[in-house]
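# Structure assessment
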Amino acid sequence: MYAYPDAVIMVFCKAPIPGQVKTRLIPALTSEEAAQLHCELTELTLHTATQKRLCEVHLWCSPRIDHPFFKALSQRYSIARQLQQGKDLGNRMHHAFVETLTHFSSAIIIGCDCPSLTSDDIEQALVRLNQDTQCVLAPAEDGGYVLIGLKQPQPTLFENMPWGSDQVLRQTLTRIQSLNLVAYELNTQWDLDTIDDLKRYRHENV
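In this report, we go over the structure that sits alongside the text. On a predicted model such as this, the values are computed, not experimentally measured, just so you know. (Residues numbered from 1 in each chain as written. Predicted model: local features only at pLDDT ≥ 70, side-chain atom pairs only at ≥ 80, totals over all residues. Heavy atoms only, no water.)

## Some details on empty space enclosed by the protein
Once rolled over the atoms, a probe with the size of a water molecule shows which space is left empty. For the record, the criterion: A cavity here means a set of points on a 1 Å grid, drawn over the protein atoms and nothing else, where a 1.4 Å probe fits but cannot get out; a pocket is an open set with protein on both sides within 12 Å along at least five of seven lines, and a residue lines either one if it has an atom within 4 Å of a point. Grid points are joined across faces, edges and corners, and a volume is the space filled by probe spheres set on the points. Just so you know the grouping, Ala, Val, Leu, Ile, Met, Phe, Trp, Tyr, Cys and Pro go in nonpolar, Asp, Glu, Lys and Arg go in charged, and all remaining residues, Gly too, go in polar.
Applying the stated criterion across every chain, the model contains one cavity of 30 Å³ or more. In this structure, the largest cavity occupies an estimated 80 Å³ of space. Looking at the largest cavity, the residues that line it are Leu44, Thr45, Thr48, Ile110, Gly111, Cys114, Pro115, Leu117 and Val146. Per-class residue counts for the lining of the largest cavity are six nonpolar, three polar and no charged.

Dropping the structure here:
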């Protein structure tokens, strides 16, 4: 049994295609090394998401769900696969919430590049969503966020957002306020995008 059977964790993940993942680490890493790091971080993310059996975990895949890496993860962690759909990240996230919240009372989305996120952080998000909180965010040091949780689809939070910039969190909080949503912020996290981030990750995981 899951602790939160009416919730789901949606893990957004790209296929580990060399030259298409962790590209900001190239050429310090080769495209193959960057893809391997992406695989490592994905495994870490899924371990974190599944270790406490908090709720169902779904792997939202891009660009297709039948990549061998996704098939192997689905079997290893006993998780369902879904296909990301939409022209940009905001469209894909909103679509995932719309699809999932027809079957569950709450849902959270996380990516695969935040090694600082813990199972306790995820559980705290689920606890808040199980109460009166309508939106949960885990801010990132770079001005974005690494986790968002909702009880109902909120298209306003995902439309025309400058994804990848340091304005994402600020604009999201402004929109949350304009929608009068009851929101909660988790601890600030850091994600792995740059060589300095990689050094930090390696240092903290010696």
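## Brief notes about the pattern of salt bridges
Proximity of charged atoms lets side chains of opposite charge pair with each other. Put simply, the rule is: Just to be clear on terms, a salt bridge is a Lys or Arg side-chain nitrogen sitting within 4 Å of an Asp or Glu carboxyl oxygen. In this text, helices come from DSSP runs of H or I with a minimum length of four residues, and strands from runs of E with a minimum of two, each type numbered from the N-terminal end. Residue burial is assigned from relative accessible area. The probe radius is 1.4 Å, only protein chains are included, and a residue is buried under 20% of its type maximum, exposed over 50%, and partly exposed in between.
According to the stated counting rule, one finds 10 salt bridges in the structure shown. Linking Glu40 and Arg202 is a salt bridge whose minimum nitrogen-to-oxygen distance equals 3.0 Å. Of this pair, Glu40 sits in helix H1 (residues 31–50) while Arg202 sits in helix H6 (residues 195–204), placing them 162 residues apart in sequence. Here Asp66 and Arg64 are joined by a salt bridge, their closest N and O atoms 2.5 Å apart. With relative accessibility at 40%, the residue Asp66 sits in the partly exposed group. Among the residues examined, Arg64 registers a relative accessible area of 42% and is labelled partly exposed. Here the residues in one salt-bridge network are Lys22, Arg24, Asp113 and Asp193, joined through shared partners.

## Some details on unusual backbone geometry
Pro27 follows Ile26 through a cis peptide bond whose omega is 15°. By the element assignment, Pro27 lies in the loop between strand E1 (7–14) and H1. Residue Ser62 is joined to Pro63 through a cis peptide bond whose omega torsion reads 5°. Looking at the element boundaries, Pro63 is found in the loop between strand E2 (56–62) and helix H2 (68–77). Despite not being glycine, Lys22 shows a phi value in the positive range, around 50°. Relative to the elements of secondary structure, Lys22 occurs in the loop between E1 and H1. One non-glycine residue, Asn180, lies in positive phi territory at about 60°. On the secondary structure map, Asn180 appears in the loop between helix H5 (168–178) and strand E7 (183–185).

## A look at the layout of surface pockets
Considered as a void within the structure, the largest pocket measures approximately 1200 Å³ in volume. Lining the largest pocket are 38 residues; nearest its centre among them are Leu89, Asp113, Gly164, Asp191 and Asp193. Going through the elements one at a time, E1, H1, helix H3 (89–100), strand E4 (106–110) and strand E6 (145–150) are the ones with two or more residues in the lining of the largest pocket. Examining the composition of the lining of the largest pocket, we find that four residues originate from one element, E6, more than from any other. Taken together, the residues of the lining of the largest pocket sort by class into 17 nonpolar, 10 polar and 11 charged. Its volume calculated, the second largest pocket comes out at about 150 Å³. In terms of lining, the second largest pocket is formed by Tyr2, Ala49, Thr50, Arg53, Leu54, Cys55, Glu56, Val57, Tyr77, Ser78 and Ile79. Elements supplying a minimum of two residues to the lining of the second largest pocket: H1 and E2. A breakdown of the residues in the lining of the second largest pocket according to their chemical character gives seven nonpolar, two polar and two charged.

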